[in-house]
Amino acid sequence: MPHSNTKADEIIQYMLKAVRHCQVLNIQLISTDNGMLTLELPYSNSIVGNPDTGVIHGGALTTLMDTCCGFVMPICQEGSFFGPTLDLRIDYMTAAQPGKSVFSRSEIYRVTDNVIFSKGIAYQDDIAKPIAHCVATFMRMDTDASKSKTKGTPDEH
Amino acid sequence: MSTELADSMQQQDFEKLINTIPYAQLIGIACIPIGDHFIFKLPQHEGNIGNPALPAIHGGVIGGFMETAGIIHVMMNGETNTVPKVIDFSIDYLRPGRDCDSFARCELVRQGRKIANVSITCWQTRVEKPIATARAHFLLS
């Protein structure tokens, strides 16, 4: 899918190159539209989890969704954030079909003074039929956040 | 289930079982028997790096390692002869996973007829200082 080379794209491309394991899995950028990030995990024999069926391992999907939920932080509409993952939960709706890429789409749905809440889905043929759902929280480490604590801003932690 | 997979389960041969799973080989999972029990090892590996600045292991790799450990634990301890399917997986990251060997141990908290609940702990230098804890539900049939 062709897309314009925006600043958000550049940030994601840079991070994908810097993260060694994303290179190992060959994770690709698809789009960075409206603060949402879409990545692709191409099918490969090396990420198979069940050799009888050729279905990819949940671990590869975990990495895809962890990457997608984390990488959306610097390009989300609320601003540019960064921080380590606090937790991640993945619900598997169905097994991925072998031989096909898995796509992941994520967004930030809440930013507080200290915590960033992110959610995403993984899908193959049809975005309306996700193969997995994911939620992740991150600790906010960007300097702006700690400096500009505004009164009355809800803060869960 | 393939004969190779079934054989390795029956013989409790972890190495053989792990060798049948390409993803486990990609990130480099090994199994260490300790008496009647066993723990899992994720040896230091350059390809598993996520944050190049620290450097730290990719959170997804730690998740994949713990998920694999949980699956193998159920296959070896649970009363099942199928490859368990993950229903959900939830991981809490407690400390950065440094670029060194990591270990995991699992506990089969509950096994019902269809579903198993497994808790997994991952550490590096000291077991009392886990880098991540996780729990997963597996579908057995």
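Quick caveat: nothing in here was measured; it's all calculated off a predicted structure.

Chemist: Whenever I open this one, the overall build of chain A confuses me. Can you help?
Modeler: Within chain A one finds four helices and eight strands. Seen in sequence order, chain A has helices and strands lined up from the N terminus as α-α-β-β-β-β-α-β-β-β-β-α. Across the 157 residues of chain A, 54% fall into the buried class. Restricting to contacts in chain A with at least 6 residues of sequence separation, those with at least 24 account for 62%. When the accessible area of chain A is evaluated, it comes to approximately 7500 Å², of which 53% is carbon and sulfur surface.

Chemist: Just to check I follow, could you spell out the overall build of chain B for this structure?
Modeler: Helix and strand counts for chain B stand at four helices and eight strands. Computed over the C-alpha atoms, the radius of gyration of chain B is 15 Å, within 12% of the 14 Å expected from 2.2 N^0.38 for a compact globule of 141 residues. In terms of its C-alpha atoms, chain B occupies a principal-axis envelope of roughly 45 × 30 × 25 Å. Expressed as a percentage of the 141 residues in chain B, the buried residues total 50%. For chain B, restricting intrachain contacts to residue pairs at least 6 apart in sequence, the fraction spanning at least 24 positions comes to 59%. When the accessible area of chain B is evaluated, it comes to approximately 6600 Å², of which 49% is carbon and sulfur surface. Counting 12 positive and 14 negative side-chain charges, chain B places the averaged centre of each group 8 Å from the other.

Chemist: Looking at this structure, how should I read the pattern of salt bridges?
Modeler: Side chains that carry opposite charge are capable of pairing whenever their charged atoms lie near each other. Enumeration over the complete set of coordinates arrives at eight salt bridges over all chains. The residue aspartate 88 of chain B makes a salt bridge to arginine 89 of chain A at a minimum N-O spacing of 3.3 Å. Separated into two different chains, aspartate 88 of chain B in strand E5 (residues 85-93) and arginine 89 of chain A in strand E5 (residues 85-92) make up a pair that spans both. Take aspartate 88 of chain B: its relative accessible area is 9%, and that puts it in the buried class. Overlapping salt bridges, with partners in common, bring together Arg89 and Asp91 of chain A together with Asp88 and Arg135 of chain B in one network.

Chemist: Looking at this structure, how should I read the interface of chain A and chain B?
Modeler: By a widespread convention, an interface's size corresponds to the accessible area lost as its parts come together. At the junction of the two partners, chain A supplies 31 residues and chain B supplies 34 residues. Summed over both partners, the interface of chain A with chain B comes to about 2500 Å²; 56% of that surface belongs to carbon and sulfur atoms. Counting across the interface, chain A meets chain B through two salt bridges. In this structure, arginine 20 of chain A and glutamate 46 of chain B form a salt bridge, with 2.9 Å as the shortest nitrogen-oxygen distance. Joining chain A to chain B, the criterion identifies 18 residue pairs in polar contact (both at pLDDT 80 or more). Elements with a minimum of two residues in the side of chain A that touches chain B: helix H2 (20-25), strand E3 (48-50), helix H3 (58-71) and E5 of chain A. Tallying contributions element by element places E5 of chain A first for the side of chain A that touches chain B, with eight residues.

Chemist: Even after reading the chapter, I still don't get the nonpolar core, so can you show me in this structure?
Modeler: Note on soluble globular proteins: their nonpolar side chains tend to be buried together. Ranked by internal contacts, the top residues of the largest apolar core, which has 81 residues, are Phe40 and Met66 of chain B. Discounting residues that sit within four places of it in the chain, phenylalanine 40 of chain B has contacts with Ile29, Ala30, Cys31, Phe65, Ala69, Ile72, His73, Ser102, Phe103, Ala104 and Cys106 of chain B.

Chemist: What should I look at first to understand the environment of leucine 61 of chain A in this one?
Modeler: Mapped onto the elements of the fold, leucine 61 of chain A is located in helix H3. With residues up to four places along the chain from it excluded, the contact list for leucine 61 of chain A reads Ile56, Ile90, Tyr92, Val102, Ala122, Ile131 and Ala132 of chain A.

Chemist: Can you walk me through the pairing of strand E1 (residues 30-34) of chain B in this structure?
Modeler: Residue and element names in this part refer to chain B. Across five bridges, E1 lies against strand E2 (residues 37-42) in antiparallel orientation. By the bridge assignment for E2, isoleucine 34 is matched with histidine 37. Taking the residues between adjacent antiparallel strands as the criterion, E1 and E2 are bridged by two residues, where glycine 35 takes a positive phi near 60 degrees.

Chemist: What exactly am I supposed to notice about the packing of H3 of chain A against helix H4 (residues 59-77) of chain B here?
Modeler: Between H3 of chain A and H4 of chain B, whose axes approach to 8 Å, the crossing angle comes to 155 degrees. In terms of orientation, H3 of chain A lies roughly antiparallel with respect to H4 of chain B. Here H3 of chain A and H4 of chain B pass one another in a crossing that is right-handed. Of the residues in H4 of chain B, those in contact with Gly58, Gly59, Thr62, Thr63 and Asp66 of chain A of H3 of chain A are Gly59, Gly60, Val61, Gly63, Gly64 and Glu67 of chain B.

Chemist: Just checking my understanding: could you explain unusual backbone geometry for this structure?
Modeler: Phi is mostly negative for residues that are not glycine, and the peptide bonds are mostly trans. Following leucine 54 of chain B, the chain continues to proline 55 of chain B via a peptide bond in cis, the omega torsion being -15 degrees. Along the polypeptide, proline 55 of chain B turns up in the loop between strand E3 (49-51) and strand E4 (56-57). Even without glycine at this site, asparagine 26 of chain A takes up a positive phi of about 60 degrees. The topology assignment puts asparagine 26 of chain A in the loop between H2 and strand E1 (28-31).

Parameters at a glance
Residues numbered from 1 in each chain as written. Chains lettered and ligands numbered in written order. Predicted model: local features only at pLDDT ≥ 70, side-chain atom pairs only at ≥ 80, totals over all residues. Heavy atoms only, no water. Helix = DSSP H or I, 4+ residues; strand = E, 2+ residues; numbered from the N terminus. Buried < 20%, exposed > 50% of the residue type's maximum accessible area, 1.4 Å probe, protein only. Contact = heavy atoms within 4.5 Å. Areas by Shrake-Rupley, 256 points an atom, 1.4 Å probe, with all protein chains shown as cover. Rg over C-alpha atoms; globule rule 2.2 N^0.38 Å. Lys, Arg positive; Asp, Glu negative; His and termini not counted. Charge placed at Lys NZ, Arg CZ, Asp CG, Glu CD. Salt bridge = Lys/Arg side-chain N within 4 Å of Asp/Glu carboxyl O. Buried area = accessible area lost by both parts, 1.4 Å probe. Polar contact = N/O pair within 3.5 Å; in protein donor to acceptor, adjacent residues only side chain to side chain. Core = buried A, V, L, I, M, F, W, Y, C linked by side-chain atoms within 4.5 Å. Pairing = 2+ DSSP bridges. Axes fitted to C-alpha atoms, helices over the stretch in contact; angles between N-to-C directions. Parallel < 35°, antiparallel > 145°, perpendicular 65-115°, else oblique. Left-handed = near helix turned anticlockwise from the far one by under 90°.

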